Amino acid sequence: MSAAAAELGATFPTVTAPDAKVLGDAQARQRELTKPPGSLGRLEDVACWVAACQGLCPPRRLERVRVVVFAGDHGIARTGVSAFPPDVTAQMVQNFRRGGAAVNAIADSVGAGVRVVDMAVDGDLPGADSRASEAGAPEAGAAIPANADADPVRAYKVRSSSGSIDREDALTAAETIAAIGAGRAIADEEVDAGADLLVAGDMGIGNTTPATAIVATLTGLEPVVAVGRGTGIDDAAWMRKTAAIRDAMFRARHFVGDPVALLRTIGGADLAAMAGFLAQAAVRRTPVILDGLIATAAALVAAQLAPGCADWWLAGHRSAEPAHDAALERLHKQPLLDFGMRLGEGTGALTAVPVVRAAVATLSNMSTFADAGVSGAAG
Ligand SMILES: Cc1cc2ncn([C@H]3O[C@H](COP(=O)(O)O)[C@@H](O)[C@H]3O)c2cc1C
Ligand SMILES: O=C(O)c1cccnc1
């Protein structure tokens, strides 16, 4: 693949900000509603942000919330950096499909739809044929076929697992571009189908290792400060994970300003697709709630791929992973919830959906002082 083709596949159109005029209208309306100004705290900011994203004041109810769970295995997981074996990734994909995972339960409770995509699960999922994995990665720059005949979960699969990032690249250059393009195409599909709020979720044993390496590389954190317990690792695994992240960061040290090279070197197809998805959501002027460490690591990279896209994202929650804090700070995001959650899958973001809906409801449904005949502030 030529460098030019690579650049084309990961080049995003200019991202324009949410509507500043509507933002001003929404802020003015907040002052007219029957409450002391500012008394709904951050709910007021959230409601104004949704209005600006929609370009509409008062904003519409959020009717079609969609979470896309990006699944992928990681070569580094074979070195003992997780509390669970790599087989769990494929098993959990089946669990998502049957509706038995935390993300299914929480999505159901807020009326959100769940879609799972296999970007790089190791081997073939049970019940699936082998065509997609034999086909290999699509040509760089080529449109990625949404293979409707094959299992839709695997329509965008780029490869099985990834290189072990402590000593080899996670992906080839062509795979990286294909994965970013897949995320973009998936965001387009969701927006074209009417999504009005998007969430990127993750599933992949070992994925806190590349996510932490990416965040630490981009924020300048020391590995020992950045590394968390992931699925609940013991001290010995924590030491292996910290060494792996140190080695990965050394390998990626020249790519702080090169998001595609960073994803190729120490990321993975799931992280690359998430970055493409989060950037493209902004291109399509669709608001996003960010989830935990993995989604936010991808968001940091997306912010480099498509400058300005972070304006379209809200931080749903603060994960227990220390690197998540650093990533949120770098994005200037204050999370809505701080529940000690450390699962991923999109669960933290979905848990914040009722808060966002409450915010929208106040700005849309409350009466103004004038309409309700309620006196405004004295003087
Ligand atoms: C049953 C199960 C369900 C999960 N759902 C999300 N994760 C989360 O935990 C994993 C990351 O942590 P680490 O880097 O320590 O492996 C990822 O699969 C992530 O999606 C899960 C993990 C497990 C075990
Ligand atoms: O913050 C997350 O998203 C997270 C944390 C631990 C394990 N899996 C995901």
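Below is a short write-up of the structure. (Residues numbered from 1 in each chain as written. Chains lettered and ligands numbered in written order. Predicted model: local features only at pLDDT ≥ 70, side-chain atom pairs only at ≥ 80, totals over all residues.)

## Remarks on the site of ligand 2
For step 1, the next point in the chain: Looking at ligand 2, there are 13 residues lining it, with Gly 292, Leu 293, Ser 319, Arg 342 and Gly 344 nearest.
For step 2, the next point in the chain: Its residues assigned to classes, the shell around ligand 2 shows three nonpolar, seven polar and three charged. (Near = placed C-beta within 6 Å. Nonpolar A, V, L, I, M, F, W, Y, C, P; charged D, E, K, R; others polar.)

## A few points about the nonpolar core
For step 1, the next point in the chain: Among the nonpolar cores identified, the biggest contains 124 residues, and Met 119, Val 215, Ala 275, Leu 278, Ala 298 and Ala 302 are the most heavily contacted of them.
For step 2, the next point in the chain: Considering every element that reaches this core, the biggest residue donor is helix α12 (residues 269-283), with twelve residues.
For step 3, the next point in the chain: Excluding residues that lie within four positions of it along the chain, Ala 302 makes contacts with Ala 275, Leu 278, Ala 279 and Cys 309. (Core = buried A, V, L, I, M, F, W, Y, C linked by C-beta atoms within 7 Å. Buried ≥ 20, exposed ≤ 12 C-beta atoms within 10 Å, placed from the backbone. Helix = DSSP H or I, 4+ residues; strand = E, 2+ residues; numbered from the N terminus. Contact = placed C-beta atoms within 7 Å.)

## Concerning the environment of Asp 73
For step 1, the next point in the chain: Among the structural elements, Asp 73 can be located in the loop between β1 (65-72) and α4 (87-98).
For step 2, the next point in the chain: A sequence separation of 195 residues divides Asp 73 from Gly 268, and the C-alpha atoms of the two residues are 8.3 Å apart.
For step 3, the next point in the chain: If sequence neighbours within four positions are ignored, Asp 73 has contacts with Pro 86, Thr 89, Ala 120, Val 121, Asp 122, Ser 161, Ser 162, Gly 204 and Ile 205.

## Observations regarding the site of ligand 1
For step 1, the next point in the chain: Near ligand 1 you find 19 residues, and of these Ser 82, Thr 208, Gly 230, Thr 231 and Gly 344 are the closest.
For step 2, the next point in the chain: Listed by contribution, the elements that provide at least two residues to the shell around ligand 1 are α4, β3 (197-203) and α8 (208-219).
For step 3, the next point in the chain: In terms of residue class, the shell around ligand 1 is built from eight nonpolar, nine polar and two charged.

## A few points about the environment of Gln 91
For step 1, the next point in the chain: Tracing the backbone through its elements, the reader meets Gln 91 in helix α4.
For step 2, the next point in the chain: On the basis of neighbour counts, which here come to 13 C-beta atoms within 10 Å, the residue Gln 91 falls in the partly exposed class.
For step 3, the next point in the chain: Separated by 34 residues in the primary sequence, Gln 91 and Leu 125 have C-alpha atoms spaced 8.3 Å apart.

## Considering the packing of helix α2 (residues 20-32) against helix α3 (residues 42-54)
For step 1, the next point in the chain: For the pair α2 and α3, the least separation of the axes is 8 Å and the interaxial angle reads 145 degrees. α3 is crossed by α2, and the crossing has right-handed handedness. Residue-level contacts link Val 22, Leu 23, Ala 26, Gln 27 and Gln 30 of α2 to Glu 44, Ala 47, Cys 48, Ala 51 and Ala 52 of α3. (Axes fitted to C-alpha atoms, helices over the stretch in contact; angles between N-to-C directions. Left-handed = near helix turned anticlockwise from the far one by under 90°.)

## Observations regarding the environment of Arg 184
For step 1, the next point in the chain: By the secondary structure assignment, Arg 184 is in helix α7 (residues 173-192).
For step 2, the next point in the chain: With 95 residues separating them in the primary sequence, Arg 184 and Ala 279 have C-alpha atoms 7.5 Å apart.
For step 3, the next point in the chain: Apart from the residues within four sequence positions on either side, Arg 184 is in contact with Gly 276, Phe 277 and Gln 280.

## With respect to the pairing of β1
For step 1, the next point in the chain: Among the eight residues of β1, eight are classified as buried, and the element is accordingly described as predominantly covered.
For step 2, the next point in the chain: Because side chains alternate across β1, one face comprises the buried residues Val 65, Val 67, Val 69 and Ala 71, and the other comprises Arg 66, Val 68, Phe 70 and Gly 72, equally buried.
For step 3, the next point in the chain: Pairing of β1 with β3 involves seven bridges; the strand directions are parallel. For Val 67, the partnering residue across the bridge sits in β3 and is Val 199.
For step 4, the next point in the chain: As judged from the seven bridges shared by β1 and strand β2 (residues 113-120), these two strands associate in the parallel manner. (Pairing = 2+ DSSP bridges.)

## Some words on the packing of α3 against helix α16 (residues 353-365)
Helices that pack against each other are described as a pair by the angle of their axes relative to one another and the distance between those axes.
For step 1, the next point in the chain: Where α3 contacts α16, the two axes come as close as 8 Å, and the packing angle between them is 80 degrees. By the angle between their directions, the pair α3 and α16 is classed as roughly perpendicular. Of the residues in α16, those in contact with Leu 43, Val 46, Ala 47, Val 50 and Ala 51 of α3 are Val 356, Ala 358, Ala 359, Val 360, Thr 362 and Leu 363.
For step 2, the next point in the chain: Taken together, the residues that form the contact of α3 with α16 break down as ten nonpolar, one polar and no charged. (Parallel < 35°, antiparallel > 145°, perpendicular 65-115°, else oblique.)

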